[in-house]
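Working through the structure, step by step
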Amino acid sequence: MFAIAAGNRRAFGMLMARHLARIVGIAHGILRNASDAEDVGQETFLRVWRQADRWTPRAGGAPAWMRRIAVNLCLDRLRKPAGAPLDSIEEPADPRPAADSVLLDRERNAAVEKAITALPERQRVALVLCYHQGVSNAEAADLLDVSVAALEGLLVRARRTLRSRLVDFVDEDAAS
Amino acid sequence: MMTERRFARLVAAHGADPARWPEAERHAGRDWVARHPAATAELAAARRLDALIDRTAPPPPTDASMLALADRIMATLDAREAAMPPALPAPVAMARSRLPRGMVTTVFAVAAVALVGLGLLLGRSVSLSQTTTAEAEQMLLLGGPALTAGFSS
């Protein structure tokens, strides 16, 4: 990071090679849109380049600092009043023929996707970080500026909401 | 220490997979499941919701898309740096960052006047040091034009 602060582009390129995919993955998980996630990845690294001289070593090092920038950028986007319509949310590409079970899968995925994107932003970020991105509870709490106990509260509320919105699918799985 | 209440909270927050439980409580949580048959049913219910959440995890970005993005970031850096004005000399940049906008002009005007004055003084001393002893004596004796000639050189 000190080399980057001194304007070393080679060091900056190496930092991107190592961490860009992770940052974009986190942003994709939170924003549910690959294009927006790449925009966040770009803005995160441009900020790293501009602000590298302000970085001071702390727990988690530079990767944690970059994840914090990315999560904050994602939260800013989620807080914008005119959010993307739910229709624009990506569904995973599925090359298989559309048999009944496949259609049911798609319907289920769409319902889960819709339920996740409808969560309050901090619950959504907590859920994605801990469940999809494998971020530790302690780091997720740090990224959201809350205690570990408060993070648990966010996760409990997120799961409770998802369970109530997806009750048909949860019960369906229990019956099968 | 694991309690019924704490175990319920653990599962309600982190689901059925012990790998997602806080590391400090993982062992106690597993132990609780082994000793309490009711916990198994609790985990089974949580596991169904876990499965639904897990199925919507977005795929990791491809190497090709990340290479293209890295190129875009470098190109943006180039464009932004090309659009920036040339870097200011360090003292000017430092003054700009530390002084109010109006003060910068005043400080540099005062500094310019001081530098001109210093230049005149140095010019005088240099011209005096370059005069010959005879000329100096003449200047001291006569003053006037001979002395002013030193400033104009």
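Residues numbered from 1 in each chain as written. Chains lettered and ligands numbered in written order. Predicted model: local features only at pLDDT ≥ 70, side-chain atom pairs only at ≥ 80, totals over all residues. Heavy atoms only, no water.

**Section: the environment of Arg18 of chain A**
Residue placement: Arg18 of chain A occurs in helix H2 (residues 9-31). Each C-alpha atom of the pair Arg18 of chain A and Pro63 of chain A lies 9.6 Å from the other, and the pair is 45 residues apart in sequence. (Helix = DSSP H or I, 4+ residues; strand = E, 2+ residues; numbered from the N terminus.)

**Concerning the pattern of salt bridges**
For the structure on display, the rule yields 19 salt bridges over all chains. We note a salt bridge from Arg9 of chain A to Asp78 of chain B, for which the minimum N-O separation is 2.5 Å. Placement of Arg9 of chain A in helix H2 and of Asp78 of chain B in helix H4 (residues 63-83) is noted, with the two residues assigned to different chains. On the basis of relative accessible area, Arg9 of chain A is assigned to the partly exposed category, the value being 26%. According to the relative accessible area criterion, Asp78 of chain B is partly exposed, its value standing at 40%. In this structure, the salt-bridge partner of Arg72 of chain B is Glu38 of chain A, at a minimum N-O distance of 2.9 Å. Note that Arg72 of chain B is positioned in helix H4 and Glu38 of chain A in helix H3 (residues 34-51), a pairing that runs across two chains. A relative accessible area of 36% places Arg72 of chain B in the partly exposed class. (Salt bridge = Lys/Arg side-chain N within 4 Å of Asp/Glu carboxyl O. Buried < 20%, exposed > 50% of the residue type's maximum accessible area, 1.4 Å probe, protein only.)

**Digging into the nonpolar core**
The nonpolar side chains of a soluble globular protein tend to be buried, and buried together. Judged by nonpolar contacts, the single largest core of 64 residues is most densely connected at Met1, Phe12, Phe45 and Leu162 of chain A. Top element by residues in this core is H2 of chain A. It accounts for ten residues. One finds Met2, Phe7, Ala16 and Ala39 of chain B within the second-largest nonpolar core, a separate group that totals eleven residues. (Core = buried A, V, L, I, M, F, W, Y, C linked by side-chain atoms within 4.5 Å.)

**Considering the packing of aromatic side chains**
All told, the structure shown has five aromatic pairs over all chains when counted by the stated rule. One aromatic cluster is present, built from ring pairs that chain together Phe12, Phe45 and Trp49 of chain A. (Phe/Tyr/Trp six-rings, centres within 6.5 Å; stacked < 30°, edge-to-face > 60°.)

**Overview of the interface of chain B and chain A**
Opposite the 37 residues of chain B that make contact, chain A presents 43 residues. With both sides pooled, the region where chain B packs onto chain A buries about 3,600 Å², and carbon together with sulfur makes up 60% of that total. Counting every contact that joins chain B to chain A gives seven salt bridges. Two residues, Glu152 of chain A and Arg9 of chain B, come together in a salt bridge whose shortest N-O distance is 3.6 Å. Where chain B meets chain A, there are 20 residue pairs in polar contact (both at pLDDT 80 or more). For the side of chain B that touches chain A, the leading source of residues is H4 of chain B, giving twelve residues. (Contact = heavy atoms within 4.5 Å. Buried area = accessible area lost by both parts, 1.4 Å probe. Polar contact = N/O pair within 3.5 Å; in protein donor to acceptor, adjacent residues only side chain to side chain.)

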